[in-house]
Amino acid sequence: MFYQVSKEDEYLFQGKRKRLVEQLREKGIKNETVLKAIGKIPRHLFFDTSTARPALLDHAYSDKALQIGAGQTISHPYTVAFQTEKLEPVSGEKVLEIGTGCGYQTAVLIEMGLKVYSIERQKSLHDKTKLFLPYIGYKTAKLIYGDGYKGLPQFAPFDKIIVTAGAPYIPNDLLVQLKVGGVIVIPIGDGENQEMNILRKTSQSNFEKQVIGQFKFVPLLQNKSTI
Ligand code: SAH
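These numbers come from a predicted model, not from an experiment.

A. Focus on the packing of helix H4 (residues 77–86) against helix H5 (residues 104–111). Where H4 meets H5, the closest approach of the two axes is 11 Å, and the angle between their N-to-C directions is 45°. Relative to H5, the element H4 is oriented oblique. Where H4 crosses over H5, the two elements pack in a sense that is right-handed. Residues Val-80, Gln-83 and Thr-84 of H4 pack against Tyr-104, Gln-105, Val-108 and Leu-109 of H5. Of the residues belonging to the contact of H4 with H5, the class tally is 4 nonpolar, 3 polar and no charged.

B. Seen up close, the packing of aromatic side chains. On inspection of all chains with the given rule, the structure shows 9 aromatic pairs. Ring geometry for Tyr-149 against Tyr-169: centres 5.8 Å apart, planes inclined by 50°, an arrangement best described as tilted. Taken together, the positions of Tyr-149 in the loop between strand S5 (142–145) and strand S6 (158–163) and Tyr-169 in the loop between S6 and helix H7 (172–176) put the pair 20 residues apart, joining distant regions of the chain. When its relative accessible area of 7% is taken as the criterion, Tyr-149 is described as buried. In this structure, Lys-94 is placed above the aromatic ring of Phe-158, and the distance from its NZ or CZ to the ring centre is 5.4 Å. For Lys-123, the ring lying beneath its charged end belongs to Tyr-145, and the centroid distance is 5.4 Å.

C. The arrangement of the environment of Cys-102 in detail. Looking at the element boundaries, Cys-102 is found in the loop between strand S3 (94–98) and H5. Note: C-alpha distance between Cys-102 and Ser-75 (27 residues apart in sequence) is 9.8 Å. When neighbours within four sequence positions are excluded, Cys-102 is seen to be in contact with Phe-46, Ile-68, Ile-74, Thr-129 and Phe-132.

D. Geometry of the pattern of salt bridges. One pass over the structure, following the stated rule, counts 9 salt bridges. Linking Lys-123 and Asp-127 is a salt bridge whose minimum nitrogen-to-oxygen distance equals 2.9 Å. One end of the pair is Lys-123 and the other is Asp-127, both in helix H6 (residues 123–135) and 4 residues apart, which spans about a single turn. Connected through shared salt-bridge partners, Glu-22, Arg-25 and Glu-32 make up one network.

Parameters and conventions
- Residues numbered from 1 in each chain as written.
- Predicted model: local features only at pLDDT ≥ 70, side-chain atom pairs only at ≥ 80, totals over all residues.
- Heavy atoms only, no water.
- Axes fitted to C-alpha atoms, helices over the stretch in contact; angles between N-to-C directions.
- Helix = DSSP H or I, 4+ residues; strand = E, 2+ residues; numbered from the N terminus.
- Parallel < 35°, antiparallel > 145°, perpendicular 65-115°, else oblique.
- Left-handed = near helix turned anticlockwise from the far one by under 90°.
- Contact = heavy atoms within 4.5 Å.
- Nonpolar A, V, L, I, M, F, W, Y, C, P; charged D, E, K, R; others polar.
- Phe/Tyr/Trp six-rings, centres within 6.5 Å; stacked < 30°, edge-to-face > 60°.
- Buried < 20%, exposed > 50% of the residue type's maximum accessible area, 1.4 Å probe, protein only.
- Lys NZ or Arg CZ within 6 Å of the ring centre and 35° of its normal.
- Salt bridge = Lys/Arg side-chain N within 4 Å of Asp/Glu carboxyl O.

Printed below as a string of structure tokens:
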């Protein structure tokens, strides 16, 4: 199903990854652990290789959002880096990701030493990523087929929550499942663009909010989809 991760791939793509990391640095990403993770993960393996493989591979390390199957996209590397940096992740923390997609963001979080729980509402993507991530060595994430609006009450509370689809509002269940002191990073907006919202939970019912920048995400949809 997936083509071989080989040493040749590594040598071929290492240079491209280095350049991507430099670009991200120039765009303002400062967290060295985030940059190190992006510099290590073979992003070219995460695309929907059943369609337009050669064309996609050419763009794997440019700062673009690309198709991953089931009508969904892998986020721009800058968006992944930005959201991850804003999450202020610390190794060993428990993180909930909404929108597993192809698992690239999941891999970044694993690479940074986090315990990742990730929910995907599309069955086909969930099934594919559940096979793929362990195949390339990322075995520790708990991947769940479900509706991210509801979070994962059975595994709460979480130190951090990252939402990787554009939400019309901040789902209350996610705020409840965040630890006091924790951070949620979520793009808000139901049009073409979203604004990144960063909320720190300062007490059971209080949050400090920061809104930064315009981004483009696929929508956070309600309920599980069977496709
Ligand atoms: N983190 C992903 C980004 C994928 S795009 C990556 O690195 O590739 C966003 C994903 O969110 C899509 O796969 C989409 O199906 C999923 N999604 C949308 N609404 C959702 C919901 N309510 N619950 C869980 N996943 C959802």
